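Per-entry structural report
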Amino acid sequence: MRAFAIVVLVLAIQGQSWGQAAPSSETESAIKVDVDLVNVLCNVYDKRGALVNDLTQEDFEVREDGKPQQLRYFARETNLPLTVALLVDVSGSVRRFVEAEKTTAERFLKDVLRADDHALLMGFSSTMILWQDFTSSVPALTAALERLRAVPFRGLPADGLPMPGTLLYDAIYGTADQKMRGVPGRKVLVVISDGLDNGSQKKLEEAVAAAEATNTIVYGICHQAGFSGCSFLNNLAEPTGGRGFKVEPKMPLSKIFQTIEDEMRSQYALGYVPTNRAHDGAFRRLQVRVHKPGLRVRTRKGYFALQDKGD
């Protein structure tokens, strides 16, 4: 039985309390970056772009900073825990897309949630709103989605009050750092937005680093609204092993969600103990190859090594 722990996030107020802790597990997961065993998640595709699901450990080669690593662990990740954070932009610039997002997200949750799964729903604009904390109740999540609404721009604020914004980078950073950290199993963060940030305290690079530090894969779903920020969502997603999508007639939101679900169910997990055992907090670059010709791998670009306390 697959166990899904799904975090659906729509965010809005800086300094917002992040609610209760994520569902706990009695066993530590190799996917956490604060242990020596490094877990690398990847998808493999053939020349037509179809997912390849029948590879074995002997088909893979992993290098860290260019040096070959000996695999200690291998699994096809179709049955392991999964945590999904769905961050929905509810700012005025994308308000006409919100209703479609609600309907499609509801179908997505109904399709993937099982009895032991958990989900959380939040949204972001110039504030961060926790619509529903962790729950295994699909009806509760559906009710939260019904409450989801756009936060329109209503003109310039009075003197001394903050300007309205879209805290995209803050939302990603806060979700990865405060919700995903310490959560066992696979973790995916799905962002639905036009990709434009306005007012975040964190930078794009810091948002990416937070996702990498917690081994969280980011997917970006871009609604083009005027000036397009789709490239920013791609830059957020690709270093983590995810990718960006544009919502368009040939790729509607429903098809994008289905693609993400298929990829999450078709991952490989490759575990190794790095030859570089230094606990220096440095970024280590990863490269994964498959020996069979004509196949390509998508995975994160690297990870941050453990840093000993006091260093």
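Here the residue numbers are simple positions, counted from 1 along each chain's written sequence. Restriction of local features to residues with pLDDT of at least 70 applies here, the model being predicted, together with a cutoff of 80 or more for giving and counting side-chain atom pairs; totals for whole chains, interfaces and linings are based on all residues. Each side-chain value is worked out from all heavy atoms of the structure, with water and hydrogens disregarded.

Concerning the environment of Cys-222
Stated precisely, the cut-off is as follows: For the purposes of this entry, the term helix denotes a DSSP run of H or I that reaches at least four residues, the term strand denotes a run of E that reaches at least two, and both are numbered from the N terminus. Contact between two residues is taken to exist if any of their heavy atoms lie within 4.5 Å; hydrogens are not considered.
By the secondary structure assignment, Cys-222 is in strand S10 (residues 216-222). Separated by eleven residues in the primary sequence, Cys-222 and Leu-233 have C-alpha atoms spaced 7.2 Å apart. Not counting residues within four places of it along the chain, the set of residues in contact with Cys-222 comprises Ser-193, Asp-194, Ser-228, Gly-229, Cys-230, Leu-233, Phe-245, Lys-246 and Val-247.

Section: the confidence of the model for the chain
Quick reminder of the rule: Confidence scores per residue from the predictor, reported as pLDDT, run from 0 to 100.
Here the chain shows a mean pLDDT of 82. Residues at 70 or above account for 80%. Residue range residues 3-17 is modelled with pLDDT below 50. Its contacts to residues more than four positions away, or to other chains, number 88 contacts. Note on residues 25-34: pLDDT is under 50 here. Beyond four places in sequence and across chains, it has 25 contacts.

Structural notes on the sheet that holds strand S4 (residues 67-69)
Note the threshold: Note on pairing: DSSP must find at least two bridges between two strands before they are called paired. Axes here refer to lines fitted to C-alpha atoms; in helices the fit is confined to the stretch in contact. Angles between the N-to-C directions go from 0 to 180 degrees.
Taken in spatial order, the four strands line up as S4-S3-S13-S15 in an open sheet, and their pairing is antiparallel. Taken across any chain shown, the strands that pair with only one partner, and hence form the sheet edges, are S4 and strand S15 (302-304). For this sheet, the mean angle separating the axes of adjacent strands, direction not counted, is 35°. In this sheet, S15 lies alongside strand S13 (residues 283-290) in antiparallel orientation, the contact comprising three bridges. Looking at S15, one finds that Arg-284 is bridged to Tyr-303.

Focus on the sheet that holds strand S12 (residues 268-272)
Pairing in this open sheet of four strands is antiparallel, and the strands run S5-S12-S2-S14 from one edge to the other. Strands at the two margins of the open sheet, each flanked by one partner only, are strand S5 (71-76) and strand S14 (296-299). When the angles between neighbouring strand axes are averaged without regard to direction, this sheet yields 30°. Sheet topology note: the strand S2 (residues 38-45)/S14 ladder contains four bridges and is antiparallel. Each bridged residue has a counterpart across the sheet, and for Tyr-45 the counterpart in S14 is Arg-296.

Points about the side chain of His-223
Note the threshold: When accessible area is computed with a 1.4 Å probe and restricted to protein chains, residues below 20% of their type maximum are described as buried, those above 50% as exposed, and intermediate ones as partly exposed.
Topologically, His-223 is positioned in the loop between S10 and helix H5 (230-237). Judged by relative accessible area, which is 5%, His-223 ranks as buried. When residues no more than four places from it in sequence are discounted, the contact partners of His-223 are Phe-97, Glu-101, Ile-192, Ser-193, Asp-194 and Val-247.

What to know about the environment of Asp-36
For clarity, the cut-off: Here a polar contact is recorded for every N or O atom pair within 3.5 Å, except that within protein the pair must consist of a potential hydrogen donor and a potential acceptor, and residues adjacent in sequence are included only if both atoms are side-chain atoms.
Topologically, Asp-36 is positioned in the loop between strand S1 (4-9) and S2. Using a relative accessible area of 27% as the deciding quantity, one classes Asp-36 as partly exposed. Note: C-alpha distance between Asp-36 and His-279 (243 residues apart in sequence) is 9.0 Å. Ignoring sequence-local partners within four residues, the contact set of Asp-36 consists of Tyr-272, Val-273, Pro-274, Arg-277 and His-279. A polar atom in the side chain of Asp-36 sits 2.8 Å from the side chain of His-279.

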